[in-house]
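Here's the letter readout for the chains.
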Amino acid sequence: MDADSAAVVVTTAERNSVDPLAIRWGMDRGLTFESWRAARWSRADIRDPAIAGPTSDSDQDGIGLYDEYLHGLDPFHADPAGAADLKWTRSGQTDVEVGFPIRTGATDIAFQLEHQLAWGDWTPLPDPVLTVVTAETSLMHETVSARNEMEFFRYRILPVHH
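Residue indices follow the written sequence of each chain, beginning from 1 at its first position. Two thresholds apply to this predicted model, a pLDDT of at least 70 for residue-level local features and 80 or more for giving and counting side-chain atom pairs, whereas whole-chain, interface and lining totals are computed over all residues. Water and hydrogen atoms were dropped before computing side-chain values, which therefore reflect all heavy atoms in the structure.

Just checking my understanding: could you explain the sheet that holds strand β7 (residues 129–132) for this structure?
Two orientations exist for strands paired in a sheet by backbone hydrogen bonds: parallel and antiparallel. The rule for pairing is simple: two strands pair if DSSP sees at least two bridges between them. Every helix listed is a DSSP run of H or I at least four residues long, and every strand listed is a run of E at least two residues long, numbered separately from the N terminus. In space, the 4 strands of this open sheet follow the order β3-β4-β8-β7, with antiparallel pairing throughout. Each of the sheet's edge strands pairs with one partner strand only, and the pair in question is β3 (87–90) and β7. Neighbouring strand axes in the sheet, compared pairwise and without regard to direction, differ in orientation by 25 degrees on average. Bridge count between β7 and strand β8 (residues 137–145): 4 bridges; the pairing is antiparallel. Within the sheet, the bridge partner assigned to Leu130 lies in β8 and is Met140. Convention adopted: a line fitted to C-alpha atoms gives each axis, helices being fitted over their contacting stretch, and angles between N-to-C directions are expressed from 0 to 180 degrees.

Listed below in structure tokens is the structure:
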């Protein structure tokens, strides 16, 4: 293992036998893309963009590593098509619920849900609801009243710099 680690000796049932064990620990300043990668890949793998770079696709599902992180997906398990896409459902005659999956606990990203009426300017939707789905994934969603036949929705990823 080529990561920062502490040597720990574990004795086994056999007399005078020891098994080496390496563990990592550090100060948790919140989940970031870098800390998420460090918990899953070695330093050598992280230095190789083809293995653990932001656009690499270790599970070959068509979703890049950074998007897997953003949306709380598993980078070692192929996700179904559209797993990171904006979702919408009609609720009532004029209401539409729009939402998308996000990583629970990420401190280096923020999302903004926006809409656009008939090719006008993009406008942020007020305070979307955050629903925790699993320890890894939450759902950010908002119910809006469709006011126009030509209304569009998108989410923007906003980096957070500490």
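After that view of the structure, there is still more to cover.
Even after reading the chapter, I still don't get the pattern of salt bridges, so can you show me in this structure?
Working definition: two side chains of opposite charge can pair if their charged atoms are close together. Salt bridge criterion: a side-chain nitrogen from Lys or Arg within 4 Å of a carboxyl oxygen from Asp or Glu. In this structure the tally under the stated criterion is 5 salt bridges. The partner of Glu136 in a salt bridge is Arg40, with the nearest N and O atoms 3.9 Å apart. You can see Glu136 sitting in the loop between β7 and β8 and its partner Arg40 sitting in the loop between α1 (33–38) and α2 (43–47), a full 96 residues away along the chain. Burial classes: relative accessible area under 20% of the type maximum marks a residue as buried, over 50% as exposed, and values in between as partly exposed (1.4 Å probe, protein chains only). A residue is classified by how much of its surface remains accessible, and Arg40, at 31% relative accessible area, is partly exposed. Here Arg154 makes a salt bridge to Glu114, at a shortest N to O gap of 2.6 Å. Of this pair, Arg154 sits in strand β9 (residues 151–159) while Glu114 is found in strand β5 (residues 109–117), placing the two residues 40 residues apart along the sequence. A network of salt bridges, in which partner residues are shared, links Arg40, Arg103 and Glu136.

So what exactly am I meant to see when it comes to unusual backbone geometry here?
As a rule of thumb, non-glycine residues mostly have phi less than zero, and peptide bonds are mostly trans rather than cis. Even without being glycine, Gln60 reaches a positive phi, approximately 55 degrees. Overall, the relative accessible area of 65% leaves Gln60 in the exposed class.

Help me understand the sheet that holds strand β6 (residues 123–124), please; the structure alone is not making it clear to me.
Spatially, β6-β5-β9 is the arrangement adopted by the 3 strands of the open sheet, whose pairing is antiparallel. Two strands lie at the open edges of the sheet, namely β6 and β9, each paired on one side alone. Sheet analysis places β5 next to β9, joined by 9 bridges and oriented antiparallel. Bridge pairing links Leu117 to Glu151 in β9.

Please clarify how the packing of aromatic side chains should be interpreted in this entry.
Within a pair of aromatic rings, the relevant descriptors are the distance that separates the centres and the angle that separates the planes. To pair, rings of Phe, Tyr and Trp, with the six-membered ring standing in for Trp, must have centres within 6.5 Å; the planes then decide the type, stacked if under 30 degrees apart, edge-to-face if over 60, and tilted in the middle. A complete count under the given rule lists 11 aromatic pairs for this structure. On the numbers, 6.1 Å between centres and 40 degrees between planes, the contact of Tyr66 with Tyr69 is tilted. Residue Tyr66 and its partner Tyr69 are located together in helix α4 (residues 65–70), separated by 3 residues, close to a single helical turn. A relative accessible area of 27% means that Tyr66 is categorised as partly exposed. Grouping aromatic residues by their ring pairs yields a cluster made of Phe33, Trp36, Trp41, Tyr66, Tyr69 and Phe76.

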